[in-house]
Amino acid sequence: MRKISAKLISLAIAGAAAFGSAASFTASAAEPYDVYNYDRWGEAIPSQAGYIADRAVSGIDLGVGAFSSPSDIFRDHNDIFYIVDGGNNRIVAVNSELTEVVKVYDSFTMPDGSKTTLKNPQGVYVSAENDWLYIADNENSRVLIADLEGNVIKEITKPTSEVYDQKRTFLPQKVIADKAGNVYVVLGNITTGAAMFDPEGEFTGFYGANRVQPTAEIVGNYITSLFTSEEKKARRRRNVPTGITSFDIDGDFIFTCTSSSTQTTDTVKKLNAAGRNIFANMELAFGDYTPMYDTSQNKVLQPAICDIDIADDGNINCLDFTTGRVFQYDEDCNLLFITGTIAKQVGGFDHVAALETMGENLYVLDSQKDTVTVFVETDFGKIVHKATALHNAGYYEEALDPWYEVLKHDGNYRRAYVGVASALLRKGDYEGSMKYAELADSPRIYNKAFEGYRMDWLKAHFGQLILGLALIAVGLFMLARLAKKKKAAELAQHMAQEDAAAEAEHQQHVREAAKKAIEKMAEQSENEGKEDEQNS
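If you're wondering where the values come from, they're calculated on a predicted model, not measured in any experiment. (Residues numbered from 1 in each chain as written. Predicted model: local features only at pLDDT ≥ 70, side-chain atom pairs only at ≥ 80, totals over all residues. Heavy atoms only, no water.)

**Student:** Explain the sheet that holds strand S4 (residues 72-75) to me, please; I cannot follow it from the model alone.
**Tutor:** Neighbouring strands of a sheet are bound in pairs by backbone hydrogen bonds; such pairs are parallel or else antiparallel. In space, the 4 strands of this open sheet follow the order S4-S5-S6-S7, with antiparallel pairing throughout. This sheet does not close on itself; its edge strands, each paired only once, are S4 and strand S7 (101-105). If you compare each strand with its neighbour and ignore which way they point, the axes differ by 20 degrees on average. Across 4 bridges, strand S6 (residues 90-94) lies against S7 in antiparallel orientation. Its bridge partner lying in S7, Val-92 is registered against Val-104. (Pairing = 2+ DSSP bridges. Helix = DSSP H or I, 4+ residues; strand = E, 2+ residues; numbered from the N terminus. Axes fitted to C-alpha atoms, helices over the stretch in contact; angles between N-to-C directions.)

**Student:** Would you explain the pattern of salt bridges in this entry?
**Tutor:** Close approach of charged atoms lets side chains of opposite charge pair. One pass over the structure, following the stated rule, counts 13 salt bridges. The partner of Asp-72 in a salt bridge is Lys-174, and the shortest N-O contact between them spans 3.6 Å. Here Asp-72, found in strand S4, pairs with Lys-174, found in strand S14 (residues 172-177); they are 102 residues apart in sequence, far enough to count as distant. When its relative accessible area of 7% is taken as the criterion, Asp-72 is described as buried. (Salt bridge = Lys/Arg side-chain N within 4 Å of Asp/Glu carboxyl O. Buried < 20%, exposed > 50% of the residue type's maximum accessible area, 1.4 Å probe, protein only.)

**Student:** Looking at this structure, I do not really get the environment of Thr-117. What am I missing?
**Tutor:** Of note, Thr-117 is situated in the loop between strand S9 (115-116) and strand S10 (121-126). Thr-117 gets classed as partly exposed once you look at its relative accessible area, which sits at 45%. Put simply, Thr-117 and Ser-107 are 10 residues apart on the chain and 4.8 Å apart in space, counted from C-alpha to C-alpha. Not counting residues within four places of it along the chain, the set of residues in contact with Thr-117 comprises Asp-106, Ser-107, Asp-137, Asn-140 and Arg-142. (Contact = heavy atoms within 4.5 Å.)

**Student:** Please explain unusual backbone geometry as it appears in this structure.
**Tutor:** Trans is the common state for peptide bonds, and a negative phi is the common state for residues other than glycine. For Asp-79, which is not glycine, the phi dihedral falls at a positive 60 degrees. If you trace the backbone, Asp-79 turns up in the loop between S4 and strand S5 (81-85). Even without glycine at this site, Asn-89 takes up a positive phi of about 55 degrees. Secondary-structure assignment places Asn-89 in the loop between S5 and S6.

**Student:** Any chance you could explain the pairing of S14 here in plain terms?
**Tutor:** The two faces of a sheet get side chains in turn, since along a regular strand they alternate between them. Of all 6 residues in S14, 5 are buried, a share of seventy percent or more. Across 5 bridges, S14 lies against strand S15 (residues 183-187) in antiparallel orientation. If you follow Ile-176 over to S15, its bridge partner there is Tyr-184. Hairpin connection between S14 and S15: a loop of 5 residues separates the two successive antiparallel strands, and Gly-181 in this loop has a positive phi of roughly 95 degrees.

**Student:** Help me out: how do you make sense of the nonpolar core in this one?
**Tutor:** For soluble globular proteins, the rule of thumb is that nonpolar side chains tend to be buried together. Ranked by size, the top nonpolar core spans 45 residues in total, and within it Tyr-82 and Phe-108 carry the most contacts. At 5 residues, the largest contribution of residues to this core is made by S15. Core analysis: the second largest hydrophobic core is formed by 40 residues, Tyr-51, Trp-403, Leu-407 and Ala-440 among them. (Core = buried A, V, L, I, M, F, W, Y, C linked by side-chain atoms within 4.5 Å.)

**Student:** I would appreciate a short explanation of the pairing of strand S18 (residues 246-250) in the present structure.
**Tutor:** A large share of S18 lies buried, amounting to 4 of its 5 residues. Taken together, the 5 bridges between S18 and strand S19 (residues 253-257) define a ladder with antiparallel strand orientation. Looking at the pairing, Phe-247 lines up with Thr-256 of S19. Between the end of S18 and the start of S19, which pair antiparallel, lie 2 residues, with Gly-251 showing a positive phi angle near 65 degrees.

**Student:** Looking at this structure, how should I read the packing of aromatic side chains?
**Tutor:** Where two aromatic rings form a pair, the distance of their centres and the angle of their planes describe that pair. Tallying each qualifying case throughout the model produces 24 aromatic pairs. Ring plane angle 20 degrees and centroid distance 6.1 Å describe the contact between Tyr-164 and Phe-206, whose orientation is recorded as stacked. Of this pair, Tyr-164 sits in the loop between strand S13 (152-156) and S14 while Phe-206 sits in strand S17 (residues 203-207), and the two are 42 residues apart along the sequence. Among the aromatic residues, ring-to-ring pairing joins Tyr-164, Phe-170, Phe-197, Phe-203 and Phe-206 into one connected group. (Phe/Tyr/Trp six-rings, centres within 6.5 Å; stacked < 30°, edge-to-face > 60°.)

Next comes the structure, spelled out in C-alpha cells:
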C-alpha cells in the first residue's frame with residue numbers, strides 16, 4: 001500500500017532525468033514505497049534513499065517462538081537489544097547482529113527469594129551507569145527494576161502522594177532513567193507529563209507536560225471566561241493537553257514525542273533538567289509537512305509520532321504511526337531522510353511500535369507483523385551523514401566538499417544547501433553564502449551573510465567612500481560659498497536699487513518743493529503788483 005500522493009508520483013517522473021547522474025546511488029528500487037523529501041517551499045519531491053530495508057527478524061528466526069504484539073526495543077551500551085514481547089509477557093535480549101538470543105527475561109527473583117512474572121510489559125530501559133533493567137510492567141501496575149541476572153532491586157508502584165490523582169490508575173508504558181538515577185515513567189492515562197521518581201523510588205512530581213493546543217475554541221472559551229461566574233467556570237469542561245507517548249534520553253536532555261494526530265504543539269520536545277522545552281520557540285514540523293491523502297483508505301493521514309530515538313551521532317529519529325515512516329532530522333531539526341511506509345513487503349509495516357538505532361542502521365518494531373525490520377545505510381546516506389557529523393561537530397568548512405557531493409547526486413536536497421551556506425559563511429564567502437542560503441530558504445543564514453557582505457564591501461571601498469565624501473563635502477562647501485556670494489550680490493543690488501529709488505524720490509520731492517516755491521514767489525509778486533496798481 002503506497003502512501004505517497006499523486007502529485008509526488010508525477011514529480012518523480014518529471015525528476016527522473018535529474019537523477020540520471022546518481023544511478024550508482026539509487027538503491028531504493030526494491031523498496032515498497034516512493035523515496036521523497038521536501039524542498040524549500042515545503043513541496044514533496046523525489047529524492048535519494050538514505051536507508052534501504054535489509055531484512056526482517058522474527059522471534060521464530062531467533063529460536064524463541066513468535067513474538068506477540070511486541071511494543072518496545074532498546075539497545076544498551078553493550079549493543080545488546082532488548083525486545084519487549086508484551087503478548088508473551090517477556091523481555092528478549094538479543095545480540096547486536098540480531099542473530100542470537102542472549103537471555104529471555106520471563107521470570108524475576110524478588111528480594112525475598114520468591115518469583116514474579118511480567119504481565120503485558122510495554123517498555124524497557126537499561127542504565128549504562130549501573131546495568132539495571134527498568135521495565136514498564138503495564139498490567140502489574142509497576143515499574144520493575146532488576147539487575148541483568150533477573151534479580152529484582154525494587155518496584156515502583158502507584159504513588160500515594162496528594163499530587164498524584166488517586167482516582168487514576170498506574171499503567172506504565174515507557175520508562176527511562178537519568179545518570180543520577182531518577183526514573184521517568186510515561187503513564188497511559190496521565191496527560192500532565194511523565195511521572196518522576198527519585199533514585200529511592202519516591203514520587204517527586206510530573207515532568208515535561210505538553211502545552212494545550214491553542215485552537216479557536218480554546219481562545220474563545222478563554223475570552224468568554226473573563227465574563228463568566230466562578231460557578232459556571234467550575235462546571236465547564238477543562239482543556240487538557242495530550243499526554244507523552246514515548247521518550248529517549250541523550251546526555252542531559254530528554255526528548256519526548258506525542259502520537260496525537262490532532263495536536264501540532266509539542267509534537268517533539270527537547271527538555272533540559274528543569275523541564276524546559278528547548279524547541280518551544282522554534283517553528284518546527286515533524287512528520288509530513290502537509291498531510292498525505294491515502295486513496296486506498298479514502299482519508300487524510302495526519303502525522304502521529306509514536307516513538308523517538310536519538311542516535312549516537314545526535315540525529316533525531318521520529319517514528320510516525322500513521323504512515324509507518326521514520327523521519328530523520330539532524331541536531332538542528334533539519335530533515336535528512338524519510339524511510340518506510342505501510343506495506344506488506346520488507347521495508348513496509350502494518351503497525352509500527354518502536355524505533356532504535358545502532359551505528360549506521362535503523363531498527364523498526366512492528367507490533368502486528370511481530371518483527372524487527374533492519375534498515376541499512378545507503379552510499380548516499382553515508383555522504384549525508386558524514387557531512388552532517390562534521391557540521392554538528394563545528395567543522396563547517398570540512399563539511400563543504402561532502403555537501404557539494406550530496407548536491408551532485410540530488411540537486412534538490414535542501415539540507416545540503418543549508419550546509420554549504422553555513423560553510424561558506426564560516427569561510428567568509430558571504431556572497432556565496434547568500435546565494436545558497438536563498439536556495440535553502442534560510443533567512444537566518446542569509447541575514448548573517450548579508451551583514452558580513454556589507455562589512456566587506458565597506459572595507460573594500462573605504463578609500464573611495466572617504467574620497468567621495470570629501471568631494472561631496474568640498475562641493476557642498478563651494479556651493480555654499482557661491483550661494484553666499486550670490487546672496488550678497490543680490491542683497492547689494494537690492495540695497496543699491498533701494499538707494500537709487502530713495503534718491504530719485506528725494507530729487508522728486510526737491511523738484512516739487514522748488515516748483516511750489518517758485519509758484520509761491522510768482523503768486524506773491526503778482527499780488528504785490530496788483531497792490532501797487534491799486535495804490536497808484
